[in-house]
Structure formats: structure tokens, C-alpha cells
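Fold and contact review
These are the residues of each chain, in order.
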Amino acid sequence: MEFSSTLLPGNSTSAILDGVATLTLLPRGESYLITMPFAHCKGILLGTLSMELGGHVTIACVKTGYTTEMEFKLKSFLSRSDHTNGISGKIKLGRETLAMIDGHWDNKITFTDKRSLEEETLWEVSEEIKASRLNRYTIPLEEQNWKESEKLWLKVSEAIGREDQEAATVEKTILEEKQRENVKERSKKKVEWSAENFLHDGSVWRYRYEDFRPWDERNDIFEYELNYVIATHRALQPPLNRSTSLVSLNSSQVRGTCRVNFFQTSQEGRGAVIMISIPSHGTIFLTPSWNF
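Attention here is on the structure that accompanies the text.

Cut-offs and rules
- Residues numbered from 1 in each chain as written.
- Predicted model: local features only at pLDDT ≥ 70, side-chain atom pairs only at ≥ 80, totals over all residues.
- Heavy atoms only, no water.
- Helix = DSSP H or I, 4+ residues; strand = E, 2+ residues; numbered from the N terminus.
- Buried < 20%, exposed > 50% of the residue type's maximum accessible area, 1.4 Å probe, protein only.
- Contact = heavy atoms within 4.5 Å.
- Areas by Shrake-Rupley, 256 points an atom, 1.4 Å probe, with all protein chains shown as cover.
- Pairing = 2+ DSSP bridges.
- Expected span 1.5 Å × (residues − 1).
- Core = buried A, V, L, I, M, F, W, Y, C linked by side-chain atoms within 4.5 Å.

1. Quick notes on the overall build of the chain
If you tally the helices and strands in the chain, you get four helices and 19 strands. In the chain, which comprises 292 residues, the share counted as buried stands at 23%. Partitioning the intrachain contacts of the chain with sequence separation of at least 6 by distance along the chain shows that 27% fall at a separation of at least 24. Accessible area for the chain stands at about 21800 Å²; split by element, carbon and sulfur atoms hold 54% of it.

2. Digging into the pairing of strand E5 (residues 38-42)
Relative to E5, strand E2 (residues 12-19) is paired through four bridges, and the arrangement is antiparallel. Within E5, the position partnered with Ala15 by the bridge is Ala39. By the bridge criterion, five bridges tie E5 to strand E6 (residues 50-61) in an arrangement that is antiparallel. Counted as the bridge partner of Phe38 is Gly54 from E6.

3. Description of helix H4 (residues 165-188)
Every α-helix carries 3.6 residues per turn, so stepping three or four residues along brings you back to the same face. With 24 residues, H4 should reach 34 Å at 1.5 Å per residue; the first-to-last C-alpha distance of 35 Å fits that figure. Two residues or fewer after H4 comes Lys190, characterised by a positive phi angle close to 55°.

4. So, the nonpolar core
The biggest cluster of nonpolar side chains holds seven residues, and these are Val57, Met70, Phe72, Ile87, Ile91, Ile101 and Ile109. Elements with a contribution of two residues or more to this core: strand E7 (66-73) and strand E8 (86-93). Residues within four places of Val57 in sequence aside, it is in contact with Thr35, Met36, Pro37, Thr68, Glu69, Met70 and Phe72.

Such coordinate-based values are descriptive only and should not be taken to indicate function.
So this is what it looks like as C-alpha cells:
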């Protein structure tokens, strides 16, 4: 789990991610500990406003002993434009350096074997790569929980969009004072704060509903998120109820607002699963039979 902090030295600002992220390759049983570069914005008061990534990054796997050390280079004041977004690093096994990495993360990165000196392309931002970018998905504001960052900081964001620094500062102060009041109230009632979707195991924060089972193409159908819970719908492990209609449900037992999600399970649109979440009845998956 990582946490952010901010530095504001003058004409620039940096958003720093503290901590370590863990990437687990389930089929291999390998976990990689990853640190992140910081986001650096300069030209706030003077010069051209620009954004870069900077800092040292490590990727390490205890099981295999492989380690990657990289540096995201910030463009100096007198550097040419082709020095922007530069990156360099090395891949090591134990103390031995196996290969060197060099290039630009937004263009092309090369991999050079230290023994043979053979060079190959490790990463290149092609038109195909650009076209394969995932579309950003956001939950509509009216459907968000009041604690969602976008909704909670809405007035601050709107003031920044209007370039109204005074209003943004006022709204930010209101939020921060409210947070301080909540801390005092919990302290007075001797209530310990606990995260809803994460657990602290003594050293790191972990997602409460994490699932380390490798993806099974023969059984796993799709992955979905409902009420902040990421889960997998499996063919051989149906959820609480499975039905082909809602007629079998006792209407007197169905209370509260239900949420309906539709999932297409084939490119032709002939396969589908409808997931209905009913507070008083659990989660129901419908597999309708449609004739086309």
C-alpha cells in the first residue's frame, strides 16, 4: 500500500508516493515489490508549466532474486527537449548486473545484454499501443458514496476550474476542519478508526477481499466489482442464488433498493448474465435464454 505526500519548494511541486506496491504473478507464485516515481510539476510561477516523472524505482522479487533498479530523469534547466522523460537502469540477479535499460518511457526503451551487448526493444509506444488504451471509467456523481474523493472534493475542484484560489482554499479548509472534528469525536468516544475495505496485517495494508487464486479459463467467466468488492463469477461456484426468472422469489421478502448489472459474455451478444443485488435477498445471477 502506498501513501502520497507533497513537496512545494517554490516554482515547482512534487507528489511523492511513499511505501511499496506488491504485484503478484499468480500462475508463477512470484511477488514483486515495487516503488513508484514521483510526479513533478514545474513552472508554477515562472516559465512553461510542465509535468514529469522523477526519482529512483526498484522492482524486486525475493523468490527469484531478480532486481530492477531504474531512474526516472528530470529535465534540467539547460537540457534539450529530447532529454524529457528519460529513463535508465539495470537488471540484476543478486549482485550481478545482467542487462542495462535506457530510453524514454513515453517513446522507446531498449534492453542491452551486458555479456553479448545485444540490444533489443523492451518497450515502444506505437500507434497500436495508443489505440489499446483502456477507456477511463468513472461512476456517475449521483451514484457515488459521499466519501468518494471526487464527490467529497467537488467544490474544491470546481473552484480550481474557475481559477478561484480563494474559494478553493476556503472549501479545502472546511473539509480539513471536518476531518479534525471527526478525529476528536472518535477520540472522545474512544472509538478506533478502521478502514472498510482494507486490513493492516502489522506491516502493510491489504485489500480485504483479495483473491490469490490464478485465473482459470475453464471455469472463471468474468471479474466484476460491486459495492467496492472485486470478485470473480465462476461457472462451477454459483453465488447465493441462481435462477432463470424472478418468479420464484417471494416478493414479500424482497425489500430495499436493488442494483442491476448486465454482463455480455460473448462478442456476438448471444451470451449474457444479469446480476441483481437485493439487500434482503443477497445476490442473484440470471442466465436468460434468448432466441435470436
